[in-house]
Amino acid sequence: FFSYLFCFVLTKYLSKMSTTFEMADPLHATFPASGSSLDSLDRSNVNKELDLARRAEVHNFSAGQSVVDTGVLLQLQAQLLNYENTGMSLLEMSQRDADGEVQRLIRDAEVNVRTILDVPDDYSVLIMHGGAHSQFSAVPLNLLKRGGSADYICTGFWSQRSAAEASKHIDVRQIQPEIDELSKPELWNLNKDAAYVHICYNETISGIAINEDIGFGPDHVVVADMTSTLLSRPVDISKYGCIYASSGKNLGPAGICLVIVRHDLLECGADHLPSILSWKMQHQCGNIYNTPNVFGIWAMNEVIKDFMRKGGMEWIQEEARTKTSMLYDVIDGSNGFYCNRVPPEHRSLTAIPFFINGGNPEMEALFISKASEKGIQQIFGHASVGGLRAAIYNASPRASVAALCQFMAEFQAFVTPGASSSLT
């Protein structure tokens, strides 16, 4: 009886499905109207031009995840279902095939990172899990055999957070230089016996940046958090023991962390260092200690290849300087209506916070609302400080920055009595 009942129900189900889908031509199947994944696929084929047109209307200043180049997204989309004509998605392939697509991708990504950043041969290029937050713990644990203490140069939120996390594993001494001392390590009273010196080059919440490679000298192993600095200007890798940068800024979508570490430091890990955080383990395993974030690596590689096609580091540096200068000029030329609180020599090339009338929450809320009507999105400041913030990474088009600058002028006129403005 139960066998008969099962067959009856199955027959009815299959009969219903056969009337819903036209399976003779699966590429042109008629899918149900309700929100299935297949329905979304069909929609994307039909409405791609509309999606692109809508995307062109929006100016995205998200601090992270930040904007990704439209061409890169289209490349990922085009290859997602059938990667390099394999009939499989890259997201479905094993990383254990030595000659397979995943391992070739990882090797290609390493080569491209080395090329665009001019990484010396005695450094490993590692692709780790967990973003920069994982390295807040990984750094002290990987360097603990060098000493029991570390100096942390604390210039803002992110350097303080990394110091707090590191203090669970090593004695941390926080050094808080004045802003006019940021490029003068001789004034910081660094400990020559410290396992390392840690520094964050760009504090994205406050917009304080160090826009040059500091010379610490041979007595110090320097670890640099360059999450929002890397690929915004040239970096002399040889001045550092380790550089780490999470994706989500100039390295594509969030989810991975790029770690560039000098070979001799791979031997300094604590005995209790978890393997998943071990630089040495990841180096020995060729970046596949466990199943990697294949999509994150793929996206990062496509982003870097896009930078290289456009001109590499020269193009990157020119874009960063041009776009940020456009916005800083508007701020500085507003007669105090807009203000950025960072001295010009330490202004960020990627994260620009600013305030209205020195900090007027009601006016800033109106700015955000009116900006959204013009397609300007994600312009709000960090919750801890308020105000406004424009994150301008490499994929941010100049046209978007120009649109923001124009809107800022219009908004100032809109709220200024007697002035003429196109805003309503």
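Structure report, in brief. Keep in mind that this is a model prediction, so the values were computed, not measured. (Residues numbered from 1 in each chain as written. Predicted model: local features only at pLDDT ≥ 70, side-chain atom pairs only at ≥ 80, totals over all residues. Heavy atoms only, no water.)

Details of empty space enclosed by the protein
Point 1. Tallied over the full model, the rule gives five cavities of 30 Å³ or more.
Point 2. The volume enclosed by the largest cavity comes to roughly 70 Å³.
Point 3. Along its surface, the largest cavity is lined by 13 residues, and V67, V68, V303, F307 and A395 are the ones closest to its centre.
Point 4. Sorting elements by how many residues they give to the lining of the largest cavity places helix 9 (residues 294-310) first, with three residues. (1 Å grid on protein atoms, 1.4 Å probe; cavity = no way out; pocket = protein on both sides within 12 Å on 5 of 7 lines; lining within 4 Å. Points joined across faces, edges and corners; volume = space filled by probe spheres on them. Helix = DSSP H or I, 4+ residues; strand = E, 2+ residues; numbered from the N terminus.)

Quick word on helix 12 (residues 398-415)
Point 1. Compared with the 26 Å implied by 1.5 Å per residue over 18 residues, the 26 Å span of helix 12 between its first and last C-alpha is a close match.
Point 2. The set of residues buried in helix 12 consists of S400, V401, L404, C405, F407, M408, E410, F411 and A413. (Expected span 1.5 Å × (residues − 1). Buried < 20%, exposed > 50% of the residue type's maximum accessible area, 1.4 Å probe, protein only.)

Focus: the layout of surface pockets
Point 1. Approximately 370 Å³ is the volume attributed to the second largest pocket.
Point 2. Per-element accounting of the lining of the second largest pocket gives the leading share, four residues, to helix 6 (residues 131-143).
Point 3. Of the residues that constitute the lining of the second largest pocket, the class distribution is eight nonpolar, 14 polar and two charged. (Nonpolar A, V, L, I, M, F, W, Y, C, P; charged D, E, K, R; others polar.)

Regarding the sheet that holds strand 5 (residues 197-200)
Point 1. Across the sheet, seven strands lie side by side as 2-10-9-8-5-3-4; this open sheet has mixed pairing. On the outer flanks of this sheet lie strand 2 (123-129) and strand 4 (171-175), each paired with one strand and no other. Sheet twist, expressed as the mean angle between neighbouring strand axes with direction ignored, is 20 degrees.
Point 2. Set on the sheet, helix 5 (residues 101-117) makes contact with strand 2 and strand 10 (256-262); between it and strand 2 the angle comes to about 125 degrees.
Point 3. The strands touched by helix 7 (residues 157-166) within the sheet are strand 3 (149-153), strand 4, strand 5 and strand 9 (242-246), with strand 3 carrying the most contacts at an inclination of about 165 degrees. (Pairing = 2+ DSSP bridges. Axes fitted to C-alpha atoms, helices over the stretch in contact; angles between N-to-C directions. Contact = heavy atoms within 4.5 Å.)

Observations regarding the packing of aromatic side chains
Point 1. Inspection of every chain in the model, using the stated rule, returns 17 aromatic pairs.
Point 2. Taking the centre distance of 5.9 Å and the plane angle of 55 degrees together, the rings of W188 and F216 count as tilted. With W188 in the loop between strand 4 and strand 5 and F216 in the loop between strand 7 (208-209) and strand 8 (222-225), this pair connects stretches of sequence that are 28 residues apart.
Point 3. Of the residues examined, W188 reaches a relative accessible area of 3% and is grouped as buried.
Point 4. Assessed through its relative accessible area of 11%, F216 is described here as buried.
Point 5. Measuring from ring centre to ring centre gives 5.9 Å for F407 and F411, while their planes differ by 35 degrees; the resulting arrangement is tilted. Of this pair, F407 and F411 are both found in helix 12, four residues apart, which corresponds to roughly one turn of the helix.
Point 6. Under the relative-accessibility criterion, F407 is labelled buried at 2%.
Point 7. Taken together through their ring pairs, the aromatic side chains of F337, Y338, F354, F367, F407, F411 and F414 make up a single cluster.
Point 8. Lying across the ring of F355, R341 places its NZ or CZ 3.6 Å from the centre. (Phe/Tyr/Trp six-rings, centres within 6.5 Å; stacked < 30°, edge-to-face > 60°. Lys NZ or Arg CZ within 6 Å of the ring centre and 35° of its normal.)

Take it as geometry only, folks, not as evidence of what the structure does.
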